[in-house]
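Secondary and tertiary structure notes
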Amino acid sequence: MQNRTRSSKGFTLVEIMIVVVIIGLLAAMAIPAFQKVRTNSLGKTMVNDARQIAGAAQQILLQYPGQADSLTITYNATTGVLTSAAAGSIPADEIQKYVAKISKGYSSTTITYDGTVAAGAAAFSMTHKQLSAKDVSLSATASTALESAVAFDSEGKAI
């Protein structure tokens, strides 16, 4: 009869299971952290886009004094292209001289910038498919539901 010796090459089932459990625990810790970083990044992008829109709208309203108190801006969600409607003697698409595109993913297709609001009051708002108002502004008291409108003042700061 032959004496069979077991080979010590390879891993046992228990060793493989321990490795799988460790990888699962690491993934359980890493995925929420990744999602938080992604949400913060989207929030900062939204604030940056809002500041660009506010700056462009202020410049247009200053360039054409007395022609309009507000500016209607249309947003294409698939391309990120902004266009503005004519108001008074303000030509159509005047916004494209200052901001041609912003990030994609906003669910609001029309932004109405109100140039007559007092400092600190909402001049316009934007909504994003993957953000709530709390993700953009710590002082926001709006719903934490996704696609809640985020209000911005005349300078593009979240309020």
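For the structure, check the block above.
What comes next concerns the included structure. (Residues numbered from 1 in each chain as written. Predicted model: local features only at pLDDT ≥ 70, side-chain atom pairs only at ≥ 80, totals over all residues. Heavy atoms only, no water.)

1. Concerning the pairing of strand E3 (residues 110-114)
Only one face of E3 is buried, namely the one carrying Ile111 and Tyr113, since none of Thr110, Thr112 and Asp114 on the opposite face is buried. Where strand E1 (residues 70-75) lies against E3, five bridges are found, and the strand directions are antiparallel. Within E3, the position partnered with leucine 71 by the bridge is tyrosine 113. (Buried < 20%, exposed > 50% of the residue type's maximum accessible area, 1.4 Å probe, protein only. Helix = DSSP H or I, 4+ residues; strand = E, 2+ residues; numbered from the N terminus. Pairing = 2+ DSSP bridges.)

2. Side note on the packing of aromatic side chains
Under the counting rule described, the total for this entry stands at three aromatic pairs. Ring centres of tyrosine 113 and phenylalanine 124 lie 5.8 Å apart, and the angle between their planes is 45°; this geometry places the pair in the tilted category. On the criterion of sequence distance, the pair formed by tyrosine 113 in strand E3 and phenylalanine 124 in strand E4 (residues 124-126) is long-range, its members being 11 residues apart. The exposure class assigned to tyrosine 113 is buried, which follows from its relative accessible area of 1%. On the numbers, 5.5 Å between centres and 20° between planes, the contact of phenylalanine 124 with phenylalanine 152 is stacked. Note that phenylalanine 124 is positioned in strand E4 and phenylalanine 152 in strand E5 (residues 150-152), a separation of 28 residues in sequence. Following the ring pairs from residue to residue traces out a cluster consisting of Tyr113, Phe124 and Phe152. (Phe/Tyr/Trp six-rings, centres within 6.5 Å; stacked < 30°, edge-to-face > 60°.)

3. Regarding unusual backbone geometry
Here the phi dihedral of aspartate 93 falls at roughly 60°; this positive angle occurs in a residue that is not glycine. Mapped onto the elements of the fold, aspartate 93 is located in the loop between strand E2 (82-84) and E3. Accessibility expressed as a relative area gives 34% for aspartate 93, which makes it partly exposed.

4. Quick look at the sheet that holds E2
Strands sit in the order E2-E1-E3 across an open sheet of three strands; the sheet is antiparallel. Edge positions in the sheet fall to E2 and E3, since each has one partner strand and no second. Along the sheet, successive strands turn relative to each other by an average axial angle of 30°, direction set aside. Along the sheet, helix H1 (residues 13-63) makes contact with E1, E2 and E3, crossing E3 at roughly 55°. (Axes fitted to C-alpha atoms, helices over the stretch in contact; angles between N-to-C directions. Contact = heavy atoms within 4.5 Å.)

5. A look at the nonpolar core
Membership of the largest hydrophobic core comes to 31 residues, with the highest contact counts inside it found for Phe124, Met126 and Phe152. Listing elements by their share of this core, those giving two or more residues are H1, E1, E3, E4, helix H2 (133-136) and E5. The dominant element in this core, judged by the number of residues it contributes, is H1, at nine residues. Not counting the four nearest positions on each side in its chain, phenylalanine 152 is found in contact with Met46, Val47, Ala50, Ala121, Ala122, Ala123, Phe124, Met126, Val136, Lys157, Ala158 and Ile159. (Core = buried A, V, L, I, M, F, W, Y, C linked by side-chain atoms within 4.5 Å.)

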